[in-house]
Amino acid sequence: MKDTLLLPADYREILSPRETERAILRIKDYFQTNLAFELNLVRVTAPLFVESGTGINDDLNGVERPVSFPVKHLADRRAEIVQSLAKWKRMALADLGFEPGEGLYADMNAIRPDENPDNTHSLYVDQWDWELNILPEQRNRAFLEKIVRKIYDVIRRTEKYICHEYEELSHCLPEEITFIHSQELLDRYPGLSPRERELEACREYGAVFVAGIGAPLSDGKPHDGRAPDYDDWISETPEGLQGLNGDILVYNRVLDMPFELSSMGIRVSPDSLEKQLAAAGAENRKKLYFHRRLLGGELPLSIGGGIGQSRLCMLYLQKAHIGEIQSGLWPEDHLQRCLEAGIHLL
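All values derive from a computational prediction rather than experimental measurement.

Draft legend 1. Spotlight on a nonpolar patch on the surface. On the surface, I111, L123 and L329 cluster together to form a nonpolar patch covering roughly 270 Å² of accessible area. As for its placement among the helices and strands, I111 is situated in strand β5 (residues 103-111). The exposure class assigned to I111 is partly exposed, which follows from its relative accessible area of 34%.

Draft legend 2. Here's a closer look at the environment of F98. One can find F98 in the loop between α2 (86-95) and β5. Each C-alpha atom of the pair F98 and P174 lies 34 Å from the other, and the pair is 76 residues apart in sequence. What F98 contacts, discounting residues up to four positions off in sequence, is V42, A92, L93, G103, L104 and N133.

Draft legend 3. Structural view of the pairing of strand β4 (residues 77-81). As defined by bridge partners, strand β2 (residues 49-51) adjoins β4 across three bridges and the pair is classed as antiparallel. Each residue of the ladder has a partner; that of F49, found in β4, is I81. Strand direction decides the pairing type here: strand β3 (residues 68-71) and β4, joined by four bridges, are antiparallel. When the sheet's bridge partners are listed, V71 is paired in β4 with R77. Between the end of β3 and the start of β4, which pair antiparallel, lie five residues, with A75 showing a positive phi angle near 55 degrees.

Draft legend 4. How the structure looks around the pattern of salt bridges. Going through the model one piece at a time under the given rule, you end up with 25 salt bridges. Where D271 meets K275, a salt bridge forms, and the shortest distance between an N and an O atom there is 3.3 Å. Here the residue D271 and the residue K275 both occupy positions in helix α6 (residues 270-279), the gap between them amounting to four residues, near one helical turn. Judged by its relative accessible area of 46%, D271 is partly exposed. Under the relative-accessibility criterion, K275 is labelled partly exposed at 45%. When salt bridges with common partners are traced through the structure, they connect K89, D129, E131, R226, D231, D247 and R267 into a single cluster.

Draft legend 5. Inspection of the environment of A106 at higher detail. Here A106 shows up in strand β5. Look at A106 and you get buried, because its relative accessible area is 0%. C-alpha separation for the pair A106 and T45, spaced 61 residues apart in sequence, amounts to 6.1 Å. Beyond its immediate stretch of four places on either side in the chain, A106 contacts V44, A46, L85, Q127, W128 and D129.

Draft legend 6. A look at the packing of helix α1 (residues 17-39) against helix α8 (residues 309-317). Two elements in contact, α1 and α8, have axes separated by 10 Å at closest approach and are oriented at 115 degrees. Judged by the sense of rotation from one axis to the other, the crossing of α1 with α8 is right-handed. Contact residues: α1 offers T20, A23, I24, I27, K28 and F31, while α8 offers Q309, L312, C313, Y316 and L317. A per-class count over the contact of α1 with α8 returns eight nonpolar, two polar and one charged.

Draft legend 7. Geometry of the environment of D107. Among the secondary structure elements, D107 is positioned in strand β5. Judged by its relative accessible area of 30%, D107 falls in the partly exposed class. Note: C-alpha distance between D107 and D58 (49 residues apart in sequence) is 16 Å. Apart from residues lying up to four places away in sequence, D107 is in contact with R43, A46, Q127, W128 and Q309. At a separation of 2.5 Å, a polar atom in the side chain of D107 contacts the side chain of Q309.

Draft legend 8. Examining the sheet that holds strand β10 (residues 257-266) more closely. Read across the sheet, eight strands follow the order β1-β5-β6-β11-β10-β9-β8-β7 without closing on themselves; strand pairing throughout is mixed. Every other strand in the sheet has two partners, leaving β1 (41-43) and β7 (178-181) as the edge strands with one partner each. On average, adjacent strands in this sheet sit at an angle of 30 degrees to one another, irrespective of strand direction. Bridging between strand β9 (residues 245-252) and β10 involves eight bridges; their strand directions are antiparallel. Bridge pairing in β10 places I248 opposite S262. Against the sheet, helix α3 (residues 141-165) makes contact with β6 (124-133), β7, β8 (207-211), β9, β10 and β11 (302-308), and its axis sits at roughly 130 degrees relative to β10, the strand it touches most.

Cut-offs applied
Residues numbered from 1 in each chain as written. Predicted model: local features only at pLDDT ≥ 70, side-chain atom pairs only at ≥ 80, totals over all residues. Heavy atoms only, no water. Patch = residues over 30% accessible without salt bridge, like charges linked within 9 Å, V, L, I, M, F, W, Y side chains within 5 Å. Areas by Shrake-Rupley, 256 points an atom, 1.4 Å probe, with all protein chains shown as cover. Salt bridge = Lys/Arg side-chain N within 4 Å of Asp/Glu carboxyl O. Helix = DSSP H or I, 4+ residues; strand = E, 2+ residues; numbered from the N terminus. Buried < 20%, exposed > 50% of the residue type's maximum accessible area, 1.4 Å probe, protein only. Contact = heavy atoms within 4.5 Å. Pairing = 2+ DSSP bridges. Axes fitted to C-alpha atoms, helices over the stretch in contact; angles between N-to-C directions. Left-handed = near helix turned anticlockwise from the far one by under 90°. Nonpolar A, V, L, I, M, F, W, Y, C, P; charged D, E, K, R; others polar. Polar contact = N/O pair within 3.5 Å; in protein donor to acceptor, adjacent residues only side chain to side chain.

Below, the structure written as structure tokens:
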């Protein structure tokens, strides 16, 4: 496994581990209250696991294996620990009777056993998963950008709040977020990898929304992988570019890297689901429970995404490692090298 651990020179923690715990609570309470207000969301209880073979669990890039186990009282049918709630939320919108303009969010906890632990990844994922019922005429790039701006405003507002509470912390986020399509990034930096392109954009703008993730670009490769059955990455915009989805990225000054805070997008319609399943060679999924409901017109049109809780706290509290925010399992040499660099992992 490639060693991707970053050890910033002369790193020092601004808040002690004990004060960090207090700050995390303040950040989470403030952020979710403001997010719910801005997007008209109601908090709902999230599942920790779902039944295998239903198509409800998120398979991310299509290769990550969920943690699964037999359930004795269900005749040993298997359950899976969620990897995200991308599809479950859309069913919840329908089953709980949410109307257009109304939405939900959940405090999602997941396990992703195939993650390679580094400064920003661990086996444990905590995020606010949100979903909003929308009208057919809102399935466009302009509405996507409107929602992104609302979310970014909450991200910035929370930074101001926590910097007011702790004078030792400092602001880093620009006033506005810049929108750029992944094809535009490729055109601008044809000799760089997708991650290197993101770094250049984040260094230049401070905060960007990279749109159009999942569909092949002009070089025949997608900017990054996306499962074919939640975000709409195949529909074209008026500019002739594919993709009604994207990632919110900011420049992480502690690690000098692009820092993903949110993956989100307008969700597939029955028509775009058919096309994306065909493009991905995954048409066999149409027989699964979630996909049958969507193709049968039982689920509302929606926009949704996930916002990383530990990632946000890392950014605001100027931490070098996600293990300073959440407890985890780390390689022994990882623990020792971090300790020598002044990074205290939980």
